[in-house]
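# Understanding the architecture of this molecule
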Amino acid sequence: MNIYIDTEFNDFGGELISLAMVDENGREFYAVLNCPNPSPWVAANVMPVLGRPHASLRMLQTRMEAWLAVYRCVLIVADWPEDIAHFCRALITGPGMRIDTPPLSMEVRRDLDSEASAIPHNALEDARAIWRAAVAKDKARHQ
């Protein structure tokens, strides 16, 4: 199963703020974490469009584990490497411990982006835009 992801984070290299996933059939996951000290750009552009109250990292991990459990095998697709890095860090629950997942592969595609996002800098809307772009490109390739 291809799963298209996007994340928002507190500036370059900063902490994860939100994580969204959309599978190739349109099934969605979205979670928001607390960001007590957003950078000025993040405060102006990301925080106002989160659209959901924040959860704890452990709650995000618990929900993510349950959401991924329905798949036999997953290809995580992102348009930016830092999205993959934040996704992978969210899998880790402690020293030597991680959430249970199906087998995962990762792919960063330069030909996808979230330019058509209905709400830029909202991870769920951006992941939906990436998913739509991938579906359109795959459809065009098979015609």
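First, a word on what this report is: a plain description of the structure on this page. (Residues numbered from 1 in each chain as written. Predicted model: local features only at pLDDT ≥ 70, side-chain atom pairs only at ≥ 80, totals over all residues. Heavy atoms only, no water.)

## Observations concerning the environment of Lys137
- Of note, Lys137 is situated in helix 4 (residues 123-141).
- Between the C-alpha atom of Lys137 and that of Ala90, which follows or precedes it by 47 residues, the distance is 29 Å.
- Contacts of Lys137, omitting those with residues within four sequence positions, involve Arg109, Asp111 and Leu112. (Helix = DSSP H or I, 4+ residues; strand = E, 2+ residues; numbered from the N terminus. Contact = heavy atoms within 4.5 Å.)

## Topic: the packing of aromatic side chains
- Evaluation of the coordinates by the stated rule reveals two aromatic pairs.
- Summarising the aromatic geometry, the rings of Phe29 and Trp67 are spaced 6.0 Å apart at their centres and angled 55° between planes, so their arrangement reads as tilted. In this pair, Phe29 is assigned in strand 3 (residues 28-32) and Trp67 in helix 2 (residues 57-68), connecting sequence segments 38 residues apart. Taken as a pair, Phe29 and Trp67 share a single burial class, namely buried.
- Counting every residue linked through ring pairs, the aromatic cluster contains Phe29, Trp67 and Tyr71. (Phe/Tyr/Trp six-rings, centres within 6.5 Å; stacked < 30°, edge-to-face > 60°. Buried < 20%, exposed > 50% of the residue type's maximum accessible area, 1.4 Å probe, protein only.)

## With respect to the pairing of strand 3
- The element strand 3 is extensively covered by neighbouring structure, given that four of its five residues are classed as buried.
- Sheet topology note: the strand 2 (residues 16-23)/strand 3 ladder contains five bridges and is antiparallel. Residue pairing for strand 3: Met21 is matched across the bridge by Phe29. (Pairing = 2+ DSSP bridges.)

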